[in-house]
Every structure is written in C-alpha cells, then in structure tokens.
Amino acid sequence: KNQPVIDLSAEIGILFSKKGILKNQYYLSYNQLSDFDENSKVNLNGFLNIGYRYNLSNVVKDPNWLGLEVGFLVAKNGDLFKNNTYKFGFNWEIGKYISVSPQFYLSGDFKEFYPAIRIGFGF
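Residues numbered from 1 in each chain as written. Predicted model: local features only at pLDDT ≥ 70, side-chain atom pairs only at ≥ 80, totals over all residues. Heavy atoms only, no water.

### Here we look at the pairing of strand 7 (residues 112-121)
As a reminder of what qualifies: Criterion used throughout: strands pair if DSSP finds at least two bridges between them. Each helix is a run of H or I in the DSSP string that is no shorter than four residues. Each strand is a run of E no shorter than two, and both are numbered from the N terminus.
Summarising the sheet, strand 6 (residues 98-107) and strand 7 pair through 10 bridges and their orientation is antiparallel. Counted as the bridge partner of serine 101 is arginine 118 from strand 7. Here strand 6 folds back onto strand 7 in antiparallel fashion, the turn holding 4 residues, of which glycine 108 has a positive phi close to 60°.

Below is the structure:
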C-alpha cells in the first residue's frame, strides 16, 4: 500500500539436522507491524504465522536457508489491513542474520491483493 512499516518479530521453532548440518526448521512466529496514520498515531497490527525453512547448503558454517510462511491477522488497529487478512511469504537468508522476504497479502474475501518486501535483521 506504498507505506513503510516497522516489523518486530518473535519466533519459536524446532530444527532437524542431517549428518550434523541443520537442514529443516518448522516454526511459529508473530509479527507486530507498526504504521502511522495522518495524525502521527501509531497503529499496531499483529500476524500469527507458521513457516518452514530448508537449508540448501551442505556446509555447517555457511547456511543457505529458503522457506515459506503463511500468516493470519490476529490484531488489527488502523486502516492498513482489513479484517480476515492473510499473508504469504517466501523467506531467503542472504547473509548472517539478514533475510529478504517477498510477501503478498490477501484480504476482502481474497478480492484484494497487494505485494510487499520485508528486509529482516536478526540474531
């Protein structure tokens, strides 16, 4: 919707390894997206997500995670999102603690569609 937002996320997951290399991760996450309205009021929106990542690398110290994520709007505030909004994302870790995620949102009984790009920094 041509509006930058601040996204704070928390995640809990389970990882599986193969021959000592972490290969599969299943996780639940929560994204709190903050946007500002015309009166500079902060609106907080929350998505509950489920996701899966696969490590394409066979080198322990050089992971290359690629994954999918699906989310649902569980906390709505302001006009950025409508009720019953879903989020779909493709996650790619491009460097240590840096990720890029092309995403798209569906709302209004799947009649409205809008893309987004998420750049994440984590630890």
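### Observations concerning the packing of aromatic side chains
Which entries qualify depends on this criterion: Stacked, edge-to-face and tilted are the three classes for Phe, Tyr and Trp ring pairs, Trp counted by its six-membered ring, which pair at centre distances within 6.5 Å; planes under 30 degrees apart are stacked, over 60 edge-to-face, the rest tilted. Throughout this description, buried means an accessible area under 20% of the type-specific maximum (1.4 Å probe, protein chains only), exposed means over 50%, and partly exposed covers the range between.
All told, the structure shown has 10 aromatic pairs when counted by the stated rule. Ring plane angle 45° and centroid distance 4.9 Å describe the contact between tyrosine 26 and tyrosine 52, whose orientation is recorded as tilted. Taken together, the residues tyrosine 26 in strand 2 (residues 21-36) and tyrosine 52 in strand 3 (residues 42-55) connect sequence positions 26 residues apart. Using a relative accessible area of 42% as the deciding quantity, one classes tyrosine 26 as partly exposed. A residue is classified by how much of its surface remains accessible, and tyrosine 52, at 28% relative accessible area, is partly exposed. Residues tyrosine 86 and phenylalanine 110 carry aromatic rings whose centres are separated by 5.3 Å and whose planes lie at 15° to one another, so their mutual orientation is stacked. Taken as a pair, tyrosine 86 in strand 5 (residues 86-95) and phenylalanine 110 in the loop between strand 6 and strand 7 lie far apart in primary sequence, 24 residues in all. We classify tyrosine 86 as partly exposed; its relative accessible area is 28%.

Scope: geometric values only; no functional claims are made or implied.
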